[in-house]
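Below are the chains, spelled out letter by letter.
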Amino acid sequence: MLALRAARAFDGERSIAGPVTVVTEGGKIKAVEQGHPDVAGAEVVDLGTATVLPGLIDTHVHLCGDNSVDALDRLPSFTPEHLDDVIADGLARHLRAGVTTVRDLGDRSWAVTDQRDRHRQRVLASGPPITSPRGHCWSMGGEADGDEALRRAVRERAEHRVDVVKIMASGGFATPGTIVDDCQFTEHELRVVVEEAHSLGLPVTAHAHSLTAVQHAVAAGVDGIEHCTCLSGGAMVIPVELMDALAEADIAVCHTLGATLAPPPHIREAFERVGMSIAAKIAAVGRMYDHGVRTVSGTDGGIGPGKAHGISAHALGNMVDAGMPNAAVLASATSQAARALGVSKGMLRPGWDADVIAVQGDPMRDITALHHVGTVVIGGQIATTVLPTDRRE
């Protein structure tokens, strides 16, 4: 049993005025109480002026990516041993950033999928994303062409016990030769994948940069959309009717925000060709949120130097820049993300998984507090401690 004492808390939906004590037992949250009551038999950790909140969830990472330029295209050259080292390093970076759950949306040779249970963090995985021949991220091994091949691809992922099926509905910036403002699959083909996956109890999320790809994905009944950039005619175009449809279907949209460096020159050139900019993307996030579109946090971590693992604080800062309230931003990486992933995490409530982090400052007032993660608890066990603490039996 563990008792975490802190100045205040965010429980996944709202702020709790302090002081607060979070009690964990058997890997679950046992109680969240105001004040500092005595908890018989518990190890007490006094976090001082820190804020406690649920462990962060990054819903879009690539653990096989080593944060280098062209990281995903280089995957075929990695040995299994090197891939294991890259995955471990990525998870360590996420841990230091307070991320206790990640969803990997594209590995190679099932490298992440087949070792999900080896790590301290909860890892969910899609395996190689389904893509068209020589389509976006084809080097991961998920090419499929035609209805029957798409059905087989879904069944193969079910055999590997994936947590989600990912399909590349459009091209992508990270794969030269693919067209980001066009479609890789028809609406019918997307529907084939969704129907096959849903029949096997699996959700589907679609990588979609083009407006038409997003529209097809919504019509096909996907559960999530990654990027949702809505490129059309040299600009980002987000019709009100599309936002209505996204909100009505309750589709979880991950905008893959956050970056610590400017994109490399070839990516910037690609942005300019299709009329995309980071500023326009951030503005679109705010517009969609205001329209009731469900937003979850994810970074695309691992795909490049500016998109390294462990940059969730940067992504959440971008959401604040977009005009989202701090509580909604924090929920996007905790309770809302947990809901999208179907896991009992993301809340400081009795019975939920005891993944808890402490940060210096109050992220409800200043989101940059998330850059100062200290104690990280996973399943009721302290995984790492940076903040000075007073521990006693």
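Structure's up top.
K.L.:
What should I look at first to understand the nonpolar core in this one?
P.N.:
Generally speaking, nonpolar side chains in soluble globular proteins are found buried as a group. Counting 49 residues, the largest nonpolar core has Ile130, Val165, Phe173, Ile225 and Leu246 as its most contacted members. Ile130 has contacts with Gly142, Ala144, Leu150, Ala153, Val154, Arg157, Val165, Lys166, Ile167, Met168 and Phe185, leaving out every residue within four places of it along the chain. Of all hydrophobic cores here, the second largest spans 45 residues; its members include Cys64, Ala125, Met140 and Met324.

K.L.:
I tried to follow the pattern of salt bridges on my own but got confused; where do I start?
P.N.:
Pairing between side chains of opposite charge can happen when their charged atoms approach one another. The final tally for this structure, using the stated rule, is 19 salt bridges. Close ionic contact of Lys345 with Asp353 constitutes a salt bridge, the shortest N to O distance being 3.2 Å. Each member of the pair, Lys345 together with Asp353, is buried. Within this structure, Asp11, Glu13, Arg14 and Arg349 form a network of salt bridges that share partners.

K.L.:
Just checking my understanding: could you explain the sheet that holds strand S3 (residues 15–16) for this structure?
P.N.:
The pairing of strands in a sheet happens through backbone hydrogen bonds and is either parallel or antiparallel. If you walk across this open sheet you meet the 6 strands as S3-S2-S7-S17-S18-S19, and the pairing is mixed. Two strands close off the open sheet at either side, each with one partner strand: S3 and strand S19 (381–384). By the bridge criterion, 3 bridges tie strand S18 (residues 373–378) to S19 in an arrangement that is antiparallel. Bridging across to S19, Val377 finds its partner in Ile382.

K.L.:
Looking at this structure, how should I read the side chain of Thr295?
P.N.:
Topologically, Thr295 is positioned in strand S16 (residues 295–296). The class of Thr295 is buried, set by a relative accessible area of 6%. Not counting residues up to four positions away in its chain, the partners in contact with Thr295 are Val253, His255, Tyr289, Met319, Met324, Ser332 and Gln336.

K.L.:
Mind showing me how you'd approach the layout of surface pockets here?
P.N.:
If a probe the size of a water molecule is rolled over the atoms, the empty space left behind becomes visible. The volume enclosed by the largest pocket comes to roughly 710 Å³. Mapped by element, the contributors of at least two residues to the lining of the largest pocket are strand S11 (165–168), strand S12 (204–210), strand S13 (224–232), helix H6 (265–274) and helix H7 (278–290). Per element, the largest residue contribution to the lining of the largest pocket is 3 residues, and it comes from H6. The class makeup of the residues in the lining of the largest pocket is 19 nonpolar, 16 polar and 6 charged. Considered as a void within the structure, the second largest pocket measures approximately 250 Å³ in volume. Sorting the residues of the lining of the second largest pocket by element identifies S12, S13 and helix H10 (335–341) as the ones contributing at least two each. Examining the composition of the lining of the second largest pocket, we find that 3 residues originate from one element, H10, more than from any other.

What counts, and where the lines are drawn
- Residues numbered from 1 in each chain as written.
- Predicted model: local features only at pLDDT ≥ 70, side-chain atom pairs only at ≥ 80, totals over all residues.
- Heavy atoms only, no water.
- Core = buried A, V, L, I, M, F, W, Y, C linked by side-chain atoms within 4.5 Å.
- Buried < 20%, exposed > 50% of the residue type's maximum accessible area, 1.4 Å probe, protein only.
- Contact = heavy atoms within 4.5 Å.
- Salt bridge = Lys/Arg side-chain N within 4 Å of Asp/Glu carboxyl O.
- Pairing = 2+ DSSP bridges.
- Helix = DSSP H or I, 4+ residues; strand = E, 2+ residues; numbered from the N terminus.
- 1 Å grid on protein atoms, 1.4 Å probe; cavity = no way out; pocket = protein on both sides within 12 Å on 5 of 7 lines; lining within 4 Å.
- Points joined across faces, edges and corners; volume = space filled by probe spheres on them.
- Nonpolar A, V, L, I, M, F, W, Y, C, P; charged D, E, K, R; others polar.

Everything listed here is a matter of coordinates, which is why it stays silent on function.
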